[in-house]
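Breakdown of the fold
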Amino acid sequence: MRKLSTALLVLSISAVLSPWAIAQGSAPAKAKNVILLISDGAGINTWHAASYYRHGALGHEVYDDFDIKLFASTYPLNTSNVPTRTMDKSVTFDADKIWNKDKVDSTFQGSLGKYPGYFAGYEYLRADFTDSAAAATALASGHKTYNNAINWSNDDKKLKHIGEYAVENGKALGVITSVQWSHATPAGFLAHNVSRNEYAAIGKEIVESGLATVVMGSGHPAYDENGKPTTPKDDKAYRYVGGKAVWDRLVAGKTDYKHIETKADFVALADGKLNMANKTKLVGTVQNHATLQFNRVGVAAGELLDNQPDLATMTRGALNLIAKNPNGFMLMVEGGAVDWAAHANNLPRLIEEQIDFNHAVEAAVAWVEKNSSWDDTLVIVTTDHGNGLLQGPDSNNDAFSDIVNQGAGALPLVRWHTDTHTRELVPVYAKGAGADFLRSVAKPNKGLATYNVPEESQRFVDNTDIFRASLNAFGITAADPQ
Ligand SMILES: [Zn+2]
């Protein structure tokens, strides 16, 4: 009764307060499995550009058929890079300010060059954005925090993440990415650290905690960004894989984990043919120090490195291992280099990376339909923030005007408005057990009509609601609701 009256009180005070109270009052969905797929740094036009290139039209991606199609806010708690323990530098967010078409004559200084301001709304989107660490913490723990934090609060305390909740409830955890497996987004579902830049410590925690059943990504110390063997120069070469001592133990089979690195082994795992010897858990480090593909020589799409698995193969492999747990699993799949391509304003490789991510979503959906069901599994497809503020070629005169479709196989016409993150409202797609939770907590924003989405999609949740949706689907009650 106390919970109910609190809920009513919160609802009556203000509709803008945390929707946690509503979640507490609704029946949990009891999903056995949750699969969360994150295309890192993908504003809506990144998704559209890839669809135009691939299909010549929108509406043909597997998630376009999902029941829930909404948006999410992604802003961080504050603009600090360290815990402040105060309300200093707090970030506020007003979704209506995004759509302000008042002209401005400001300039945004990016890493690649200067970007004219054009419109007040663009200025708003380029300010006070989240980094991938604070965003991963929000998605994984339900807590807003400072940029740099990996499940670390602004009060300088460790935060519990969805991977820990899942494992405590007898489920398996899988985390895979197309970038280093200690990078910010995977770290958010595996580790805790005051700073995302403590890669070696994060990698060490990932291996030594043994929390996850499967972890895959890049960061190999003995391969360069073109997938060619190289001699590690110094101990720093091992930073993405937990440091030299952890790496040596990992590859020698002296941890909980079997270690794989060849494409053949990733394919064998996906085909259910990998010999796990006496191990039940696996770390896969592809033979690349940087990304699966993005950092290879050149800037054009195509001519992929042939010794790297793709994200879909890794997804199938991860599912083979974690689905052995009779209690189910939590799986996070990150298309991490979409963000890197946006930072480089590289449209061909942005599209290449987003299509690779889309193939991973298809692999997850195919797994659900063959091996599970939508009554047992929740799939959420989203991003952690925008990047590049990709708009149409006329978006310097006509605010938010669309990118221009040039047909399948041709690059759409676009204009970049930054080379870093934004606080855009970003797409969220969901289907399966507990997906309705997101609809129940979404708030309307008429400005989203700009993206030509139907009225039921002109609504947004907060990134912290993705955590709540996952927990609600599992039927788990958080230890520390905000
Ligand atoms: Zn990110």
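Above this note sits the structure.
I will try to describe carefully the structure that is included in this document. Every chain is numbered independently, its residues counted from 1 as its sequence is written. The predicted nature of this model means local features are confined to residues of pLDDT at least 70 and side-chain atom pairs, given and counted, to a pLDDT of 80 or more, with totals for whole chains, interfaces and linings taken over all residues.

1. Description of the overall build of the protein
Heads up, the condition is: Think of it this way: any DSSP run of H or I at least four residues long counts as a helix, any run of E at least two long counts as a strand, and we number them from the N terminus. For a compact globule the rule gives 2.2 Å times the number of residues to the power 0.38, and the radius of gyration it is set against comes from C-alpha atoms. The burial criterion counts other C-beta atoms lying within 10 Å of a residue's C-beta, which is placed from the backbone; the residue is buried at 20 or more, exposed at 12 or fewer, and partly exposed between these limits. We call two residues in contact if the C-beta atoms placed from their backbones are at most 7 Å apart.
Within the protein one finds 15 helices and 15 strands. Relative to its length of 482 residues, the protein is compact, with a C-alpha radius of gyration of 21 Å against a globular reference of 23 Å. Taking all 482 residues of the protein together, 56% fall into the buried category. Sequence separation of 24 or more characterises 72% of the internal contacts of the protein that already satisfy a separation of 6 or more.

2. Concerning the environment of Leu292
Relative to the helices and strands, Leu292 resides in the loop between strand E8 (281-285) and helix H11 (311-322). A sequence separation of 44 residues divides Leu292 from Gly336, and the C-alpha atoms of the two residues are 9.5 Å apart. Ignoring any residue separated from it by four or fewer positions in sequence, one finds Leu292 in contact with Ser178, Ser218, Val286, Gln308, Asp310, Leu311 and Ala337.

3. Points about the environment of Thr315
Here Thr315 shows up in helix H11. Looking at Thr315, the number of C-beta atoms within 10 Å reads 28, which means it is buried. Considered as a pair, Thr315 and Phe266 are 49 residues apart in the sequence and their alpha carbons are 9.8 Å apart. Ignoring sequence-local partners within four residues, the contact set of Thr315 consists of Ile176, Val333, Ala360, Ala363 and Ala364.

4. Points about the pairing of strand E6 (residues 214-218)
In plain terms, the rule: Strands pair, by our definition, only if DSSP identifies at least two bridges between them.
Of all five residues making up E6, five are buried, and the element is well covered by its neighbours. Both faces of E6 are covered, namely the face carrying Val214, Met216 and Ser218 and the face carrying Val215 and Gly217. Strand direction decides the pairing type here: strand E5 (residues 172-180) and E6, joined by four bridges, are parallel. When the bridges of E6 are listed, Val175 appears paired with Val215. Bridging between E6 and E8 involves four bridges; their strand directions are parallel. Residue pairing in the sheet places Val215 in a bridge with Val283 of E8.

5. Some words on the sheet that holds strand E15 (residues 459-462)
Taken in spatial order, the eleven strands line up as E7-E8-E6-E5-E9-E1-E10-E13-E2-E15-E14 in an open sheet, and their pairing is mixed. Each having just a single partner strand, strand E7 (257-260) and strand E14 (443-444) make up the two edges of the open sheet. With six bridges joining them, strand E1 (residues 33-39) and strand E9 (residues 329-335) adopt parallel strand pairing. Note that in E9 the partner of Val34 across the bridge is Met330.

6. So, unusual backbone geometry
Positive phi, close to 65°, is recorded for Tyr118, a residue that is not glycine. Structurally, Tyr118 can be placed in strand E4 (residues 114-119). Unlike most non-glycine residues, Asn345 shows phi in positive territory, near 50°. The residue Asn345 is located in the loop between helix H12 (337-343) and helix H13 (347-371) in this model.

7. Comments concerning helix H8 (residues 199-209)
Burial runs high along H8: eight of the eleven residues are buried. Among all positions of H8, only Tyr199, Ala200, Ala201, Ile202, Gly203, Glu205, Ile206 and Val207 are buried. Buried residues along H8 sit against helix H7 (184-188), E6, helix H9 (244-251), E7 and E8. Immediately beyond the C-terminal end of H8, within one or two residues, lies Gly210, with a positive phi of roughly 65°.

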